[in-house]
Amino acid sequence: MPPGHQLREVALAAELDVSRNTLREAFTALAAEGLVERVRNRGVFVAVPKADDVRRIFAARRLMEPAALAWGEFDAAQLAALRVHAERAELAQRWGDLDGLAAQNQAFQTVLMLAGGSEILNGLMGRIQAAMRLLFDSMAAVPAFHALYVEGHQTVAGLLEGGDRFAAAEAWREVLENAEAELLKHLAAQP
C-alpha cells in the first residue's frame, strides 16, 4: 500500500480474516516501527516518509552494510547471489519494473547482511527494509534514483569477486550517501 493510504479497519480485518482487536495490535506494532501513523479521529494511514526518517534509516545503513562488506564472510554462493541480484536489478530497470528493482535491491542487501553473521543485525535490517519500501514507493516517479542502486550493485559485486572488500565497502557507502541526498532533495521539493 502506498504512503498515505488509509487502512480501513473493518475492511482490512475482513480481508485478512482476523479480529479487529488483532488488527489494532498489529497497527500498534507497525506504529512503533514508524510504518503506519495513527491520526486522531481519522484513522490509521501508511506512513509518509519524512526527511528525519531518511536520515535515520541511512545513518543505520551506512554503518551496517559497508561493515558487512568489509568484514563479513562471503562464500562462493553468496558472491554468486550478489551477482544474480545485480543482474536482475539491471533487467528490472530496463523493463521499467520498479517493484522488481526494489525487490532485487532488498535481496542484495539481505545477502550483504547475511555475510555479517549476526541474527540481531539481520532482524534490524528487516525493519529497515520495511521502511525502505516506503521510501522506494515515494521515488517511483524518479527513475534516475533507482539507477544509483543498479550501478552500485554491479560495482560492489565486481569488487567483491576481485577480492577488494574495502573498496566494495567504500563504493557501497558512496551509493548510500548519494541515495540519501536524492531522497532528501525529492522530499524537500514535495508540497
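In this text, all values refer to a predicted model and were calculated from it rather than measured experimentally. All chains use their own residue numbering, which begins from 1 and follows the written sequence. Since the coordinates come from a predicted model, pLDDT governs what is reported: local features require at least 70, and pairs of side-chain atoms require 80 or more to be given and counted, while whole-chain, interface and lining totals use all residues. The side-chain numbers reported here are obtained from all heavy atoms of the structure, hydrogens and water having been left aside.

1. A short note on the nonpolar core
Argument step 1. To define a nonpolar core, start from buried Ala, Val, Leu, Ile, Met, Phe, Trp, Tyr and Cys residues and group those joined through side-chain atoms within 4.5 Å. Only protein chains enter the accessibility calculation, which uses a 1.4 Å probe; a residue whose area is less than 20% of its type maximum is buried, one above 50% is exposed, and one in between is partly exposed. Of all hydrophobic cores here, the largest spans 48 residues; its most connected members are F58, L69, M132, Y149, V156 and W172.
Argument step 2. Strands are runs of DSSP state E lasting at least two residues, helices are runs of H or I lasting at least four, and both sets are numbered from the N terminus onward. The biggest single contributor to this core is helix 8 (residues 165-189), with nine residues.
Argument step 3. Contact criterion: two residues are considered in contact whenever any of their non-hydrogen atoms come within 4.5 Å of each other. Those residues in contact with L69 that lie beyond four places of it in its chain are F74, L112, V156, L160, R165, A168, A169 and W172.

2. A few points about the side chain of H85
Argument step 1. With respect to the helices, strands and loops of the structure, H85 is situated in helix 4 (residues 76-95).
Argument step 2. Take H85: its relative accessible area is 14%, and that puts it in the buried class.
Argument step 3. H85 has contacts with Q104, A107, F108, V111 and H153, leaving out every residue within four places of it along the chain.

3. Considerations on the pairing of strand 3 (residues 43-46)
Argument step 1. If DSSP finds at least two bridges between two strands, the strands pair. Bridge count between strand 1 (residues 6-7) and strand 3: two bridges; the pairing is antiparallel. Following the sheet pairing, Q6 is matched in strand 3 by F45.
Argument step 2. Two elements, strand 2 (residues 36-39) and strand 3, share four bridges in a ladder whose sense is antiparallel. Looking at the pairing, R38 lines up with V44 of strand 3.
Argument step 3. Connecting strand 2 to the antiparallel partner strand 3 that follows it, the hairpin turn spans three residues, and N41 within it adopts a positive phi of roughly 65 degrees.

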